[in-house]
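Remarks on the overall topology
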Amino acid sequence: GDELLSAQQILDRVHPHPAPFPQLPATRDPVVVRACIVFANSLYNPAAAPRGRWAPTVEPFTSALPTIEPLITHPFWQQLEVLAAPLPLRHRRLPIATTADLLVRFCNGNDIGIGMCQTGTPDQLNPRRVAAELGAALALLGDTHSWWPRRAFVLFCSPGKTAVELIDVDAALACWIDAIDLYRLMSRTFNWEKAL
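Okay, so let's go over this structure.

Conventions adopted
Residues numbered from 1 in each chain as written. Predicted model: local features only at pLDDT ≥ 70, side-chain atom pairs only at ≥ 80, totals over all residues. Heavy atoms only, no water. Helix = DSSP H or I, 4+ residues; strand = E, 2+ residues; numbered from the N terminus. Buried < 20%, exposed > 50% of the residue type's maximum accessible area, 1.4 Å probe, protein only. Polar contact = N/O pair within 3.5 Å; in protein donor to acceptor, adjacent residues only side chain to side chain. Axes fitted to C-alpha atoms, helices over the stretch in contact; angles between N-to-C directions. Parallel < 35°, antiparallel > 145°, perpendicular 65-115°, else oblique. Contact = heavy atoms within 4.5 Å. Nonpolar A, V, L, I, M, F, W, Y, C, P; charged D, E, K, R; others polar. Expected span 1.5 Å × (residues − 1). Arc of directions from axis to C-beta. Salt bridge = Lys/Arg side-chain N within 4 Å of Asp/Glu carboxyl O.

**A look at unusual backbone geometry**
Both trends apply: most residues other than glycine have a negative phi, and most peptide bonds are in trans. With omega at 5°, the peptide bond leading from Glu59 into Pro60 counts as cis. Omega for the peptide link from Ala85 to Pro86 comes to -5°, which places this bond in the cis form. Among the secondary structure elements, Pro86 is positioned in the loop between strand 2 (80-84) and strand 3 (87-90). For Asn110, which is not glycine, the phi torsion reads 60° and is therefore positive.

Dropping the structure here:
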């Protein structure tokens, strides 16, 4: 029954993406994010796909095939084991929540990693915003479950291409903390309804 503020709402205010991606829905296409999650579960959760690997051959996925196909065929999937997809997270004391798209264990090093799926290319998106979104997931994962992943990554999905970019965990956390501080300052200055 609590009214929560999503990390994305906070970041929409303090670190919006530049045009043509000023708002979150354009950069986190729900169809592409859902395809990423369904595919991850089909690989690593036998109950999710008893007949083998899932393929995007039904609606609503077929409309985004040029973006989804490079995502699910990327060799990145062979380097990890998916532990959770998606992973809803909430701050223990503050009314803030977010969702990480992937919680994984990397084969090389056995490190835990947390990831997000973004629609667009790195040069189209605000890099501080991307890092802060990962930082929010890292901070809330630590707060919720006392887990501190050593790796954070973004799957940049665009038609015909998927790129995987590692983001420094400490830098991502710093971006999130800066965003929270800036949001608190701005909410007092501009008398926003949802303050922290």
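**A word on the side chain of Arg28**
Examined against the element boundaries, Arg28 turns out to sit in the loop between helix 2 (24-27) and helix 3 (30-44). Exposure remark for Arg28: the relative accessible area of 14% places this residue in the buried category. Here the side chain of Arg28 touches Asp101 through a polar contact of 2.7 Å, side chain to side chain. Here the side chain of Arg28 touches Cys117 through a polar contact of 2.8 Å, landing on its backbone oxygen.

**A few points about the packing of helix 5 (residues 127-145) against helix 6 (residues 169-190)**
The interhelical angle for the contact between helix 5 and helix 6, taken along N-to-C directions, is 95°, at an axis separation of 7 Å. As the angle between them shows, helix 5 and helix 6 are arranged roughly perpendicular. Side by side, helix 5 and helix 6 meet where Arg128, Ala131, Ala132, Leu134, Gly135, Ala136, Leu138 and Ala139 of the first sit next to Val169, Ala172, Leu173, Cys175, Trp176 and Asp178 of the second. Per-class residue counts for the contact of helix 5 with helix 6 are eleven nonpolar, one polar and two charged.

**Brief notes about helix 5**
Between its first and last C-alpha atoms helix 5 spans 27 Å; for 19 residues at 1.5 Å apiece the expected length is 27 Å, and the two agree. With respect to burial, helix 5 is a largely interior element, 15 of its 19 residues being buried. The backbone nitrogen of Arg128 has a side-chain oxygen 3.0 Å away, supplied by the residue at the start of helix 5, namely Asn126. Just downstream of helix 5, Ser146 is the residue with a positive phi angle, here 55°.

**Notes on helix 1 (residues 7-14)**
Count 3.6 residues to each turn of an α-helix, and residues three or four apart come out pointing the same way. Those residues of helix 1 lying buried are Ala7, Gln8, Ile10, Leu11 and Val14. Projection of helix 1 onto a plane perpendicular to its axis shows the buried side chains occupying an angular sector of 155°, all on one side.

**Re the side chain of Asp111**
With respect to the helices and strands, the residue Asp111 is situated in the loop between strand 5 (102-106) and strand 6 (112-119). Looking at Asp111, its side chain comes within polar contact range of the side chain of Arg151, at 3.1 Å. Each residue touching Asp111, except ones within four places of it in the same chain, is listed here: Val104, Arg105, Phe106, Arg150 and Arg151.

**Quick look at the pattern of salt bridges**
Within this structure, the stated rule accounts for seven salt bridges. Notably, a salt bridge pairs Asp101 with Arg28, separated by 2.7 Å at the nearest N-O pair. With a gap of 73 residues between them, Asp101 in the loop between strand 4 (96-100) and strand 5 and Arg28 in the loop between helix 2 and helix 3 connect regions that are remote in the sequence. With a relative accessible area of 2%, Asp101 lands in the buried category. For Arg129, the salt bridge identified is with Glu133, shortest N-O distance 3.1 Å. Here Glu133 and Arg129 lie together in helix 5, a separation of four residues that amounts to about one turn. In this structure Arg129 comes out as buried when scored by relative accessible area, which is 0%. Shared partners join several salt bridges into a network, and the residues in it are Asp12, Arg129 and Glu133.

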